[in-house]
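# Coordinate inspection notes
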Amino acid sequence: MAKYLFPAIFTPETNGIYSINFPDVEGCYTQGDDLQDAYDMAEDALCLRLYDLEESNEPIPTPSNPADIPFTHGSFIALIGVDTLEYRKFYDNKAVKKTLTIPQWLNSMAEREGINFSQVLQNALKDQLGVQ
């Protein structure tokens, strides 16, 4: 999970639509109704594809230098940045039940203090993983 920056080739079509292709990321392409929509769709497509690669433990490709990417006249290259951790927080936020074991004395003390066990575990995991 990380922040990524990949070059994308934007190609204007005759009907005003933009086609977008990420030459370094296999199977990653999309389109937009106008330039703003194209950028938004490019971010979504790239983030979803990289998220899928992370989930399947496949390697994330190395982004090319935009100057080294050939493209046709009329097309242009733009760098698209995404954050798969933010994507996970927003879209993969379903609660899951975990069973854990702690000493009875610790459980009794925590219950007397009204401590929310789920919140403590979430905070500890975020701290351990270095995420917020």
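Under an unreviewed UniProt entry, the name given to the protein is Toxin-antitoxin system, antitoxin component, HicB family, and the organism recorded is Desulfitobacterium hafniense DP7.

With respect to the secondary-structure elements, threonine 11 resides in strand E1 (residues 3-12). With relative accessibility at 25%, the residue threonine 11 sits in the partly exposed group. Measuring from C-alpha to C-alpha, the distance between threonine 11 and histidine 73 comes to 9.1 Å, with 62 residues separating the pair along the chain. Excluding anything up to four places from it in sequence, threonine 11 contacts Ile17, Tyr18, Ser19 and Ser75. A distance of 2.9 Å separates a polar atom in the side chain of threonine 11 from a polar atom in the side chain of serine 75.

With that out of the way, let us pick up the sheet that holds strand E2 (residues 18-21). Sheet architecture is open: four strands sit in the order E3-E2-E1-E4, paired in antiparallel fashion. A single partner strand is all that each edge strand has here, and the edge strands are strand E3 (29-32) and strand E4 (76-83). Ignoring strand direction, the axes of neighbouring strands in this sheet form an average angle of 30°. Pairing of E2 with E3, which is carried by four bridges, proceeds in the antiparallel orientation. By the bridge assignment, asparagine 21 is partnered in E3 with tyrosine 29. The strands touched by helix H1 (residues 35-55) within the sheet are E1, E2, E3 and E4, with E4 carrying the most contacts at an inclination of about 50°. Docked against the sheet, helix H2 (residues 84-91) engages E1 and E4, running at close to 55° with respect to E4.

Conventions adopted
- Residues numbered from 1 in each chain as written.
- Predicted model: local features only at pLDDT ≥ 70, side-chain atom pairs only at ≥ 80, totals over all residues.
- Heavy atoms only, no water.
- Helix = DSSP H or I, 4+ residues; strand = E, 2+ residues; numbered from the N terminus.
- Buried < 20%, exposed > 50% of the residue type's maximum accessible area, 1.4 Å probe, protein only.
- Contact = heavy atoms within 4.5 Å.
- Polar contact = N/O pair within 3.5 Å; in protein donor to acceptor, adjacent residues only side chain to side chain.
- Pairing = 2+ DSSP bridges.
- Axes fitted to C-alpha atoms, helices over the stretch in contact; angles between N-to-C directions.

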